[in-house]
Amino acid sequence: MRFSREDWEKNFAGYYKGKVEFNAPMRGHTSLAIGGPADIVVSPEDPVSVKNIVMLLSRLNVRFVALGGGTNILVTDRGIEGVVVKLGAFSRVEIINEEDARAELFVEAGAMLQKIVNLCRDRGYTGMEGLTGIPGTVGGAICGNAGSCGSEMKDVLASVVLLHSDGTLDRVGVEDLDFGYRKSGVGGTDIVLSANITLRRDDTDAVTLRTENCFKQKKAAQPVSGRSAGCVFKNPAGMSAGRLIDEAGCKSMRIGDIEVSGIHANFFVNLGKGTAADYLALMDAVSARVKERSGVILEPEIRIIGKE
Ligand code: EPU
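My aim in this report is to walk through the structure given alongside it, one point at a time. (Residues numbered from 1 in each chain as written. Predicted model: local features only at pLDDT ≥ 70, side-chain atom pairs only at ≥ 80, totals over all residues. Heavy atoms only, no water.)

## With respect to the overall build of the protein
Part 1 of the argument: Across its full length, the protein carries eight helices and 17 strands.
Part 2 of the argument: Judged by the C-alpha coordinates and their principal axes, the protein covers about 55 × 55 × 30 Å.
Part 3 of the argument: When burial is assessed residue by residue, the protein has 48% of its 308 residues classed as buried.
Part 4 of the argument: Taking the intrachain contacts of the protein between residues at least 6 apart in sequence as the baseline, contacts between residues at least 24 apart amount to 64%.
Part 5 of the argument: Counting only carbon and sulfur atoms, one obtains 48% of the accessible surface of the protein, whose full area is about 14,100 Å².
Part 6 of the argument: For the protein, the distance from the average position of its 37 positive side-chain charges to the average position of its 39 negative side-chain charges is 4 Å. (Helix = DSSP H or I, 4+ residues; strand = E, 2+ residues; numbered from the N terminus. Buried < 20%, exposed > 50% of the residue type's maximum accessible area, 1.4 Å probe, protein only. Contact = heavy atoms within 4.5 Å. Areas by Shrake-Rupley, 256 points an atom, 1.4 Å probe, with all protein chains shown as cover. Lys, Arg positive; Asp, Glu negative; His and termini not counted. Charge placed at Lys NZ, Arg CZ, Asp CG, Glu CD.)

## Concerning the nonpolar core
One recurring pattern in soluble globular proteins: nonpolar side chains tend to sit buried together.
Part 1 of the argument: Within the largest apolar cluster, 31 residues are counted, with the highest numbers of intra-cluster contacts made by Met128, Met153 and Ile197.
Part 2 of the argument: Looking at this core, the elements with two or more residues in it are β7 (102-108), α3 (113-123), α4 (138-143), α5 (153-156), β11 (157-163) and β13 (191-201).
Part 3 of the argument: In terms of residues, this core owes the most to one element, α3, which gives five residues.
Part 4 of the argument: Excluding residues within four positions of it along the chain, Met128 makes contact with Leu113, Ile116, Val117, Cys120, Ser151, Met153, Val156, Ile197 and Leu199.
Part 5 of the argument: Ranked by size, the runner-up nonpolar core spans 25 residues in total, among them Leu244, Ala248, Tyr279 and Met283. (Core = buried A, V, L, I, M, F, W, Y, C linked by side-chain atoms within 4.5 Å.)

## Regarding the sheet that holds strand β15 (residues 258-260)
Part 1 of the argument: Judged by pairing direction, the sheet is antiparallel, and its three strands sit side by side in the order β14-β15-β16 without closing on themselves. At either end of the open sheet lies a strand with only one pairing partner, and these are β14 (254-255) and β16 (268-270).
Part 2 of the argument: Across three bridges, β15 lies against β16 in antiparallel orientation. Bridge pairing in β16 links Val260 to Phe268.
Part 3 of the argument: The sheet strands contacting helix α8 (residues 276-294) are β14, β15 and β16, and the helix crosses β15 at an angle near 25°. (Pairing = 2+ DSSP bridges. Axes fitted to C-alpha atoms, helices over the stretch in contact; angles between N-to-C directions.)

## Notes on the pattern of salt bridges
Part 1 of the argument: Applying the stated criterion to the full structure yields 16 salt bridges.
Part 2 of the argument: With its nearest N and O atoms 3.7 Å apart, the salt bridge here joins Arg92 to Glu108. Note that Arg92 is positioned in the loop between β5 (80-86) and β6 (93-98) and Glu108 in strand β7, a separation of 16 residues in sequence.
Part 3 of the argument: In this structure Arg92 comes out as partly exposed when scored by relative accessible area, which is 41%.
Part 4 of the argument: A salt bridge links Glu301 to Arg182; its shortest N-O distance comes to 3.5 Å. One end of the pair, Glu301, is in the loop between α8 and β17 (303-305); the other, Arg182, is in the loop between β12 (169-173) and β13, with 119 residues separating them in the sequence.
Part 5 of the argument: Residue Glu301 is classed as buried on the basis of its relative accessible area, which comes to 17%.
Part 6 of the argument: By relative accessible area, Arg182 is classed as partly exposed at 23%.
Part 7 of the argument: Several salt bridges share partner residues, and in doing so they unite Arg92, Glu94 and Glu108 into one network. (Salt bridge = Lys/Arg side-chain N within 4 Å of Asp/Glu carboxyl O.)

This is the structure:
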């Protein structure tokens, strides 16, 4: 079912607090700055509004997709039918327990991951140093099990609160989720509303130094200021997708305004007016060259959403 302003006003207006955009270009909601319009983008301001809207959408059989910071996705040029529920407008971060050796944090899904990395750096909590420099929200980082420089989201996570599409809530321990390399097992119509994170205490200067070193490494090895969606392909077991793409001679290959970064070959950068069609064509061209050169079949890491 498509969704109009009238449908919204008839069904939702009283149940929801937050921003609503109709026919909203997704390029304004993604780090790649690519993507056609979504029928509606809602940015609920509190968990109750998320719950109300998800329940109503399910009841009306309207398709919806949850989005964090939009930093690891490619939205197609034809855009998204249905509703995008953007989880960035509630972002509480609280230290709920602090002992000599460890601390526990409560974080809402919309908090920026870097806010938490910085809190850890400043208070001497260890476990998240390697996640420095990764854009986006903590909800997105949990769903994709973000990882870098030896840190991974799953290693600091204690539990998450999940909202199911029927409006019920569940607190699920990390051991009951299906975490793996860049996957959490959470997704589909389940939404992460908040999480508890457990961290070990360390010397503040040591944590700060490790965080700064990881950030320096990233700045030197990745196109951190370019418009990208992070790594395009997953690393095949025991190999680096970036190195394979580089060795296949793809650095600086370009289709339209999308370019394989000359700094790190597993990043594709939007030079300005890039489209999803260009991005997908470059993914195909690069995978074909890698397959020809090394026989390895690359799998996308980025999530691709929207009408084909
Ligand atoms: N390399 C090249 N050419 C390139 C890129 C890399 O030869 O264009 C070589 C490097 O010199 C190095 C090796 O490949 O010897 C590995 O490179 P790097 O240390 O950059 O790590 P990576 O395996 O390419 C992974 C993650 C990154 C994460 C970094 C740092 C994946 C797909 N990539 O990259 O994660 O930041 O390690 O820990 O898991 C992401 O997932 O979005 C992401 C950026």
